[in-house]
Amino acid sequence: MTTSDSPIPRFHLAMPVDDLAAARHFYGEVLGLEQGRSADTWVDWNLHGHQFVTHLSSARSQRIHNPVDGHDVPVPHFGLILTIPAFQKLADRLRTADTAFVIEPYVRFEGETGEQWTMFLLDPAGNALEFKAFADDSQVFAV
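One structure accompanies this document, and this report is about it. (Residues numbered from 1 in each chain as written. Predicted model: local features only at pLDDT ≥ 70, side-chain atom pairs only at ≥ 80, totals over all residues. Heavy atoms only, no water.)

Considering the overall build of the protein
Secondary structure assignment for the protein yields 2 helices and 10 strands. Walking the protein from its N terminus toward its C terminus, one meets helices and strands in the order β-α-β-β-β-β-β-β-α-β-β-β. On C-alpha atoms alone, the protein measures out to a radius of gyration of 16 Å, which is about the 15 Å that the 2.2 N^0.38 rule sets for 143 residues. Overall size of the protein, expressed as C-alpha extent along the three principal axes, is 50 × 35 × 25 Å. Taken across its 143 residues, the protein has 35% of its residues classed as buried. Restricting to contacts in the protein with at least 6 residues of sequence separation, those with at least 24 account for 53%. Working note: accessible area of the protein is about 8,400 Å², and carbon and sulfur atoms make up 53% of it. When the 10 positive and 19 negative side-chain charges of the protein are each reduced to one mean point, those points stand 5 Å apart. (Helix = DSSP H or I, 4+ residues; strand = E, 2+ residues; numbered from the N terminus. Rg over C-alpha atoms; globule rule 2.2 N^0.38 Å. Buried < 20%, exposed > 50% of the residue type's maximum accessible area, 1.4 Å probe, protein only. Contact = heavy atoms within 4.5 Å. Areas by Shrake-Rupley, 256 points an atom, 1.4 Å probe, with all protein chains shown as cover. Lys, Arg positive; Asp, Glu negative; His and termini not counted. Charge placed at Lys NZ, Arg CZ, Asp CG, Glu CD.)

Set out below in C-alpha cells:
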C-alpha cells in the first residue's frame, strides 16, 4: 500500500538519540522495525507504515511525569495503537529482550468504556514509548 492508498494519513516523527548504534539495535533488533535510508547522523525506520527518524543529538529528552491511574506516565511519549494479539506479541518480544518497562503491560479501565492494554518503556536515549491496544477499537476516542 502506498501513502496515497492509505485510509489513515501516516505520520512522520523525528526524535533525538545520543547513540545511533544503540538506536539501531533497539529499533531494529528489539522492536523489529525495518530500517530505511540513513546517514552518519540519522536513520529512517518503518514504524508500522509511519516514518520514524532517529537523529543523532548530544541532548537527551527532559523527563517529566504525570500521575495517571497510580502510575507516573512519562511525558512526552509516542507509540502505536495495536491489536491485542500484536500488543501481546510485542510485550513478549520486549520481555525476551529483557526490556526494563517504565510501566509493565497491564489493562486500564477494565470492564469500562475505553478498556485498553498499555505499556511504557524508554529507548536507549531516554525517549518514552507507549504501546496500547483497545478491547473495542471503536472506543479509542470514547469519553
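Quick word on the nonpolar core
If you look at the biggest cluster of nonpolar residues, it comprises 27 residues, and the most contacted ones within it are Tyr27, Leu31, Leu94, Met119, Leu129 and Phe131. Per-element tally for this core: the top contributor is helix H1 (residues 20-30), with 5 residues. Not counting chain neighbours up to four residues away, the residues in contact with Leu31 comprise Phe26, Leu90, Arg93, Leu94, Leu129 and Phe131. (Core = buried A, V, L, I, M, F, W, Y, C linked by side-chain atoms within 4.5 Å.)

Re the sheet that holds strand E8 (residues 101-108)
Spatial ordering of the open sheet is given by E7-E10-E9-E8, a layout of 4 strands whose pairing is mixed. In this open sheet, the two strands that pair with only one neighbour each are strand E7 (77-82) and E8. Within this sheet the neighbouring strands show an average axis-to-axis angle of 15°, counted without direction. Note: strand E9 (residues 116-122) against strand E10 (residues 128-134), 7 bridges, orientation antiparallel. The residue of E10 that forms the bridge with Leu121 is Leu129. (Pairing = 2+ DSSP bridges. Axes fitted to C-alpha atoms, helices over the stretch in contact; angles between N-to-C directions.)

Section: the environment of Gly36
On the secondary structure map, Gly36 appears in strand E2 (residues 34-39). Its relative accessible area of 41% is what places Gly36 among the partly exposed residues. Each C-alpha atom, one on Gly36 and one on Asn46, is 6.9 Å from the other, the two residues being 10 residues apart in sequence.

Describing helix H2 (residues 84-96)
In this model H2 runs 18 Å from its N-terminal to its C-terminal C-alpha over 13 residues, within 8% of the 18 Å that 1.5 Å per residue would give. Of the positions making up H2, those classed as buried are Phe87, Leu90, Ala91 and Leu94. The buried residues of H2 occupy one face: seen down the axis, they fall within an arc of 100°. H2 presents Pro85, Lys89 and Thr96 as exposed residues on the side facing more than 90 degrees away from its buried surface. Packing partners of the buried residues in H2 comprise H1, E7, E8, E9 and E10. Phi turns positive, to about 55°, at Asp98, one or two residues after H2. (Expected span 1.5 Å × (residues − 1). Arc of directions from axis to C-beta.)

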